[in-house]
Amino acid sequence: MGKKNKGSAPNLGRQLIKDRFGHTQRRKVDNDTMLHTTELQDGYDWGRLNLSSVTEESSFQAFLRTAELAGTEFQAEKLNITFVNPKQRVGLLSKTQEQLMHQKHQQHREQLKIPRRPKWNKDTSPEELERAENEAFLDWRRDLALLQEDEEILMTPYEKNLEFWRQLWRVVERSDVVVQIVDARNPMLFRSLDLERYVKEVGAHKMNMILVNKSDLLTAEQRRQWAEYFDNEGIRTAFYSATLVEEELKREAEAARQEHFPEVQELRQAVEEIGQSLDKVEDTLNAIEKKLKPEEEDVEQGELPRLPSDKNSSRLLSRLELIEFLRHIYSGPRHTDQHVTIGMVGYPNVGKSSTINSLMTVKKVSVSATPGKTKRFQTLFLEEDILLCDCPGLVMPSFVLTKADMLLNGILPIDQMRDHVPAVNLLCERIPRHVLEDKYGIVIAKPLEGEDMERPPHSEELLLAYGYNRGFMTSNGQPDQSRSARYVLKDYVNGKLLFALGPPSVPQEEYHTFPERQRKVVEESQLPSQQQRAIRIEKSQSKALDQQFFDDKPSHAHVKGRTNFPHVRLANDGSLVEGTDPASKPWRHVKKERREKLRKKFSHLDDH
């Protein structure tokens, strides 16, 4: 049979493809770039409750929101792709750029505000109040967007959901004391000066306070410097560690669980008797010291300052001491006469929910490492006369230098990170090379010949060594840098890799010092060859190439198809040895050698 006539019967599939894709010219502009258009939609229904925290947006979503705030139509162009050198400080600013950005931050610090709730009274209807809140919120977002665009200033990805700010307004209105919980490693980033001003605008009698959480990561001298700084700022401060308190509670619960064992009770009685005898000896020694030395002020071991007129103490408070501190800190008119209301406000992941759980001794608030776990405010009675008001974690607008800084401070979730190179580069600049090697037991590749030997390691150098040491390998046998970056960054956020920023009045070199090298220095040449190749960005080094070239001297001729010619011999200078006839054809009647696959022939180059 002959072939069927293609044109005799219509083909439905071909017609559909032609109608959709065939012979249609895409719209282009002068510079030959494709354009996309879309309808303006903000993505939120402001009339109903939406409790999903919005801090991290893609570039397309951020563009949509900016265009909606500006009230203009738009056309988005495709972005160009640029290739970067992994050996450069990718995503970081130079020293000159950092100084310029700090100057801009100081100039525009007054414009860094949080949204205010519009004024209302009993005659205001819910619809009018909601409309006024939406308009004020959009104006606030428009002002911040213009500030970022005009001055080219990078801010934290502040909360863009109005419902979270409504929760903050309710907490401020009903609280007598508004406590900002900050991270002890960088209190200035997590402190909002405009929130303190807004609290005074709502009620002049209301009080601001700062609770420095994770203070166990700081030394006594570092806490003293922060206490002096906040004294000069005129704000009350307390130092606390929710992690230490929770560990103590767990130990007490474990001890109570083992009370019923008689042997444990006998051991406990013996320990108590020894402790009592040691206390008596300590009291005797203290009495002798008091007689020998004049009386000195001892802030660390004295009574805790309670009145607002007292200075801040650098003492690390326990659970009961913090409760007493909150009970006596406020003496003004109260929102409710029966108890004092303490509003707890803070960024996500600073330990706000953990602090409340440690004070309550039971889990009352859900805790998560992902920012934005708490969705709405709730009230909890700590004591009969103390009411805690927990606010959802809010990312307030604050100036930052780079996005990597936000990742290291725990503002952005690491699991949703798209680019790990800038954050790891910044980590390598903050944590010295010997601290990383001592912490993880790895050997980071040293700088190459001609480079600065004192420079910090690049992100790839650290991640290659860490991934190979932990066995995190990709399918093609390379160390998995993305997976390694998440482990290293989480260690930094959790405090295992410690770096603390000091007050502006104290030089950073004097405030935070690193320990000396603990492990013995291991030279890279002492490692196995497989590990040496794995921890290097460039797999082939110049010395190895030179050595391989000069060791492998050619002693035979190279002709396509064959390399062994028994009748042709070459001298060291490349000339033919006498006695050979190059005009003859020795390859006739000789079986050709088998040609080997190139991937097998050069497999040694892929060894790791």
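A brief look at the structure comes next.

What counts, and at which threshold
- Residues numbered from 1 in each chain as written.
- Predicted model: local features only at pLDDT ≥ 70, side-chain atom pairs only at ≥ 80, totals over all residues.
- Heavy atoms only, no water.
- Axes fitted to C-alpha atoms, helices over the stretch in contact; angles between N-to-C directions.
- Helix = DSSP H or I, 4+ residues; strand = E, 2+ residues; numbered from the N terminus.
- Parallel < 35°, antiparallel > 145°, perpendicular 65-115°, else oblique.
- Left-handed = near helix turned anticlockwise from the far one by under 90°.
- Contact = heavy atoms within 4.5 Å.
- Nonpolar A, V, L, I, M, F, W, Y, C, P; charged D, E, K, R; others polar.
- 1 Å grid on protein atoms, 1.4 Å probe; cavity = no way out; pocket = protein on both sides within 12 Å on 5 of 7 lines; lining within 4 Å.
- Points joined across faces, edges and corners; volume = space filled by probe spheres on them.
- Expected span 1.5 Å × (residues − 1).
- Buried < 20%, exposed > 50% of the residue type's maximum accessible area, 1.4 Å probe, protein only.
- Polar contact = N/O pair within 3.5 Å; in protein donor to acceptor, adjacent residues only side chain to side chain.
- Core = buried A, V, L, I, M, F, W, Y, C linked by side-chain atoms within 4.5 Å.
- Salt bridge = Lys/Arg side-chain N within 4 Å of Asp/Glu carboxyl O.
- Pairing = 2+ DSSP bridges.

**A few points about the packing of helix 5 (residues 162-174) against helix 7 (residues 193-202)**
To describe two helices that pack against each other, one gives the angle between their axes and the distance between the axes. Contact pair helix 5 / helix 7: the axes reach a minimum separation of 9 Å and the direction vectors enclose 55 degrees. Between helix 5 and helix 7, the interaxial angle falls into the category oblique. The way helix 5 lies across helix 7 gives a crossing that is right-handed. For the pair formed by helix 5 and helix 7, the contact residues are Leu-168, Trp-169, Val-172 and Glu-173 on the first element and Leu-195, Tyr-198, Val-199 and Val-202 on the second. The residue inventory of the contact of helix 5 with helix 7, partitioned by class, reads 7 nonpolar, no polar and 1 charged.

**What about empty space enclosed by the protein?**
Considering all chains together, one arrives at 4 cavities of 30 Å³ or more under this definition. Along the walls of the largest cavity sit Asp-183, Arg-185, Asn-186, Phe-190, Leu-408, Asn-409, Arg-430, Tyr-492, Phe-499 and Leu-501, which together make up its complete lining. The residue inventory of the lining of the largest cavity, partitioned by class, reads 5 nonpolar, 2 polar and 3 charged.

**Description of helix 5**
For helix 5, spanning 13 residues, the distance from its first C-alpha to its last is 19 Å, which sits close to the expected 18 Å at 1.5 Å a residue. Taken across its 13 residues, helix 5 has 10 buried, putting it largely inside the fold. All of the buried residues along helix 5 are Leu-162, Glu-163, Phe-164, Trp-165, Arg-166, Gln-167, Leu-168, Trp-169, Val-171 and Val-172. Elements that come into contact with the buried residues of helix 5 comprise helix 4 (126-151), helix 7, strand 6 (340-346) and strand 8 (386-390). Where helix 5 begins, the capping side chain belongs to Asn-161, and its oxygen is found 3.2 Å from the backbone nitrogen of Glu-163.

**A few points about the nonpolar core**
Nonpolar side chains in soluble globular proteins tend to end up buried together. Counting residues in hydrophobic clusters, the biggest one holds 111 residues, and the most contacted among them are Trp-165, Leu-168, Ile-342, Leu-388, Leu-427 and Leu-462. If near-sequence neighbours (up to four positions away) are discounted, Trp-165 is found in contact with Ile-114, Pro-115, Phe-137, Trp-140, Glu-159, Leu-394, Val-395, Met-396 and Pro-397.

**Things to note about the environment of Glu-110**
By the element assignment, Glu-110 lies in the loop between helix 3 (95-107) and helix 4. Expressed as a C-alpha distance, the spacing of Glu-110 and Leu-193, which sit 83 residues apart in the sequence, is 9.2 Å.

**A closer look at the pattern of salt bridges**
The full count for this structure, using the stated rule, is 22 salt bridges. Linking Glu-173 and Arg-117 is a salt bridge whose minimum nitrogen-to-oxygen distance equals 3.0 Å. Note that Glu-173 is positioned in helix 5 and Arg-117 in the loop between helix 3 and helix 4, a separation of 56 residues in sequence. For the salt bridge of Lys-352 with Asp-390, the shortest nitrogen-to-oxygen distance reads 3.0 Å. Residue Lys-352 is found in helix 12 (residues 352-360), and its partner Asp-390 is found in strand 8; the two are separated by 38 residues along the sequence.

**So, the sheet that holds strand 3 (residues 177-183)**
Reading across the sheet, the 6 strands line up as 5-4-3-6-8-7 and stay open at both edges, with mixed pairing between neighbours. A strand with exactly one partner marks an edge of an open sheet, and here the two such strands are strand 5 (236-239) and strand 7 (378-383). Here the strands of the sheet are splayed against their neighbours by 25 degrees on average, with no regard to which way each runs. When strand 3 meets strand 6, the two strands line up parallel, connected through 5 bridges. Note that in strand 6 the partner of Val-179 across the bridge is Met-344. Of the strands in this sheet, strand 4 (207-213), strand 5, strand 6, strand 7 and strand 8 touch helix 11 (residues 319-328), which is tilted by about 165 degrees from strand 5.

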